[in-house]
Amino acid sequence: MILHIDLDAFFAAIEQRDNPQLRGKPIIVGGPVPARGVAATASYEARRYGIYSGMPLSKAMRLCPQAILVPGNFFKYEKASDQFVRICSSFTPLVEQISLDEIFLDLEGTNLLWPSSIWVAREIQARVKREIGITCSVGIASQKTVAKVASGVRKPNGVTLVPQGEEKEFLTPLSLDKLPGCGPKTQAVLRNFEIVKIGDLAKMHPEHVRLLLGQHGLYLWQVANGQDFSEVSPPQPAKSTGRSTTFPFDTRNPEFILAMLYYLSQRVAKDLRESSISGRCLTLTARSADFATFCMQETLPYPINTAHEIFQNSKLILSKLWDGYTSLRLIGVSISQFNRLNQQLHLFKPKFLGWEKIEQAMDQIRAKYGFLSIYPASIARLEGIYPVEHRGLKLATPSLSR
Ligand code: DCP
Ligand code: CA
């Protein structure tokens, strides 16, 4: 069975959790950009007045003048979301997070571990309540879409199970806006043909659906017929780690370019060590002022994860890739072909004067005092060019970042 778990009135629930005066009252959480003036979400007390996510605040306040408007705090929501993922992941590794507050779980292979899917649902609800302090609703079905629709049926704090074989019956009477992927535009097209329920769509001839809505329509038709074969897919681990930057000006100054390459190598190495990995394949990318991109890969005899090694090897590759005259606008370095650390000792790995130890010590200093609290002297020249932040240099100038 597949579970779809959805936190109830997420942002509003967190605000009510942290401020007892807001509990039981209609509250509206402002969007991430208050100036845009829409509601991010509203408590269930406020929804009774017809307020929903994305509604202009002016309209929401007209509908419910006594509503309390609270600013959002994204940092808190991210923390709660991380806790939510951790709770769900303790029941199976087959976890797919689809938004900050929505998760699919596939319970395949866990029937000897847990008494039933309903038990898992109740257990997750209890832990979310205990550990995060808010409620969630769960849908259980043999198909993802059906589970997602089911989680919305008994909100808040509900559990809805759709038995295998009853998927189509469950969907048939529901209106099309309940079908994930069937947005207002699609609904408007179908309404012209008096197709308003999921069951109406299921009954159409697939060729007719395809002519009206294309390939996506055909997918919706299949789902409406209780045939969603998509799988819960946990995120795949990254296959490479890299950093690149566009310079604030085109340049062929070798000291500047090498300083930047060393800086980027520092960032990449830190990321690698944080994930306890090293890698054998180094890719260097350079883009010239006229937007031609050059890329060169080199497989090293042993995996590396120190900035020193990344930089020394990139410098060699750069000397093959770049003539020294062409102005560059971008440089980047990345490492792939990962090894987990301590897996294997490398017979041919030269000792780089203990660089691993030096950089591990730098990691500790940086964790405490900021990335630029310690760095190789050759990087110092970059400080006059880029603004300095706690996390490091602020690389992209606003006009260049998209
Ligand atoms: N959100 C947002 N802007 C939107 C929609 C949502 O900022 N247009 C944010 C606020 C929500 C969170 O995402 O709290 C989750 O969105 P949901 O659609 O799941 O809505 P809720 O969790 O608020 O309510 P429900 O209980 O219906 O799931
Ligand atoms: Ca939600």
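Attention shifts here to the pairing of strand 5 (residues 95-99). Two strands pair when backbone bridges link them, and strand 5 and strand 6 (residues 102-106) are joined in this way by 4 bridges, in the antiparallel orientation. Opposite Val95, over in strand 6, you have Leu105 as the bridge partner. Following strand 5, the chain reverses through 2 residues before pairing antiparallel with strand 6.

Considering all chains together, one arrives at 0 disulfides under this definition. Free of any disulfide, Cys88 has its nearest neighbouring cysteine sulfur in Cys136, separated by 7.3 Å.

This part is about the pattern of salt bridges. Evaluation of the coordinates by the stated rule reveals 15 salt bridges. Between Glu15 and Lys76 there is a salt bridge, with its nearest N and O atoms 3.6 Å apart. Linking Glu15 in helix 1 (residues 10-18) with Lys76 in helix 4 (residues 74-89), this pair joins segments that are 61 residues apart in sequence. Lys76 sits in the partly exposed class, given a relative accessible area of 21%. Note that Lys320 and Glu298 form a salt bridge whose closest N and O atoms lie 3.4 Å from each other. One end of the pair, Lys320, is in helix 12 (residues 307-321); the other, Glu298, is in strand 11 (residues 293-304), and 22 residues separate them in sequence. What makes Lys320 exposed here is its relative accessible area of 52%. A cluster of three or more residues bridged by salt bridges with shared partners is formed by Glu15, Arg17, Asp18 and Lys76.

So, how was this worked out
- Residues numbered from 1 in each chain as written.
- Chains lettered and ligands numbered in written order.
- Predicted model: local features only at pLDDT ≥ 70, side-chain atom pairs only at ≥ 80, totals over all residues.
- Heavy atoms only, no water.
- Pairing = 2+ DSSP bridges.
- Helix = DSSP H or I, 4+ residues; strand = E, 2+ residues; numbered from the N terminus.
- Disulfide = S-S within 2.5 Å.
- Salt bridge = Lys/Arg side-chain N within 4 Å of Asp/Glu carboxyl O.
- Buried < 20%, exposed > 50% of the residue type's maximum accessible area, 1.4 Å probe, protein only.

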